[in-house]
Amino acid sequence: MRGATFPSRIQEHLARTYALDDAPAVDDFIRLTDGSAREALLIRHADGDIEIALHLPRRAITRGRERTFDEICQIVEGVSHFLYVAERARRELPATQLELELQAEVDKYVLLVYGDLADEVEPPGSPLRRRHEAAPPGAGRFEPERAARIRAHLFERVTFMDPPGTETGDRYRIANDLAARFAGRLEAEFARHGRHAELLAALRRFYAAGQTEKIALARAA
């Protein structure tokens, strides 16, 4: 993965985690934005096909600078949305906005807790900082202290841009709550007991599920 872009590293890890073999390269669909613009996946339906453009903040993927936690989450969210739409289209299945947001919240947790982004969020010298090149979940690297910190950043110390009572604001809050519950289940049932193969199977089942089953799986936690 030497020389790979940050979005392509994220795609490679997610694709391996969920056994996605035919996704197009996300780099080909990225459009860089400046100023205060945030991540956005634009979709247009044309003659039975879909056209996609993933807008990402230029500052977030500039090489040679340290990314903020928010910038990392924006990139993961954008790549997650891109892959999910591409996979659902390949399977000729619909995808709701709630599905996209819920899956993206889970993907952030998976990459930051079980994945290869530890160096991106841990300060130099941290005992939790280490280098694992694109290893999949289930490799036996669960660290409760980091997991607790990441969960707090993702699901508790969060600021929503849209107010409650609005369609968008409520959707993000529902996705946040459901993802937090599912993440807690992954830790309690699988990660803390070294049941790595079962953790990976649970992640793949969740990914393949549509909105109704995703919600049921999360609420079962």
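Residues numbered from 1 in each chain as written. Predicted model: local features only at pLDDT ≥ 70, side-chain atom pairs only at ≥ 80, totals over all residues. Heavy atoms only, no water.

## Let's talk about helix α1 (residues 6-17)
Compared with an ideal rise of 1.5 Å per residue, which puts 12 residues at 16 Å, α1 spans 17 Å between its outermost C-alpha atoms and is within 8% of the ideal. α1 sits mainly inside the fold: 10 of its 12 residues count as buried. Within α1, the full set of buried residues consists of Phe6, Pro7, Ser8, Arg9, Ile10, Gln11, His13, Leu14, Ala15 and Thr17. In the stretch just after α1, Ala19 is the one whose phi turns positive, near 55°. (Helix = DSSP H or I, 4+ residues; strand = E, 2+ residues; numbered from the N terminus. Expected span 1.5 Å × (residues − 1). Buried < 20%, exposed > 50% of the residue type's maximum accessible area, 1.4 Å probe, protein only.)

## Concerning the packing of α1 against helix α3 (residues 69-90)
Between α1 and α3, the shortest axis-to-axis distance is 10 Å and the interhelical angle comes to 55°. Taken together, α1 and α3 sit at an angle that is classed as oblique. Classified by chirality, the crossing of α3 by α1 is right-handed. Contacts between α1 and α3 pair Phe6, Pro7, Ile10, Gln11, Leu14 and Ala15 from the former with Ile72, Ile75, Val76, Val79, Ser80, Phe82 and Leu83 from the latter. (Axes fitted to C-alpha atoms, helices over the stretch in contact; angles between N-to-C directions. Parallel < 35°, antiparallel > 145°, perpendicular 65-115°, else oblique. Left-handed = near helix turned anticlockwise from the far one by under 90°. Contact = heavy atoms within 4.5 Å.)

## Structural notes on the confidence of the model for the protein
Model confidence for the protein is summarised by a mean pLDDT of 87, while 87% of its residues fall at 70 or above. For the protein, helix α5 (residues 118-121) is the element with the lowest average pLDDT, namely 60, and helix α9 (residues 211-219) is the one with the highest, namely 96. (pLDDT = per-residue confidence, 0-100.)

## Remarks on the packing of aromatic side chains
Two measures describe an aromatic ring pair: the distance that separates the ring centres and the angle between the ring planes. Under the counting rule described, the total for this entry stands at five aromatic pairs. Between Tyr84 and Tyr207, the ring centres sit 5.4 Å apart and the planes meet at 80°, which makes this aromatic pair edge-to-face. One end of the pair, Tyr84, is in helix α3; the other, Tyr207, is in helix α8 (residues 196-208), and 123 residues separate them in sequence. On the basis of relative accessible area, Tyr84 is assigned to the buried category, the value being 0%. Here Phe182 and Phe206 contribute two aromatic rings whose centre-to-centre distance is 4.2 Å and whose plane-to-plane angle is 20°, an arrangement assigned as stacked. Of the two residues, Phe182 is situated in helix α7 (residues 167-190) and Phe206 in helix α8; the sequence distance between them amounts to 24 residues. (Phe/Tyr/Trp six-rings, centres within 6.5 Å; stacked < 30°, edge-to-face > 60°.)

## Some details on the pairing of strand β2 (residues 40-46)
Strand direction decides the pairing type here: β2 and strand β3 (residues 49-57), joined by seven bridges, are antiparallel. Within β3, the position partnered with Ala40 by the bridge is His55. Once β2 ends, the chain turns through two residues before running back antiparallel as β3, passing Asp47 with a positive phi of about 55°. (Pairing = 2+ DSSP bridges.)

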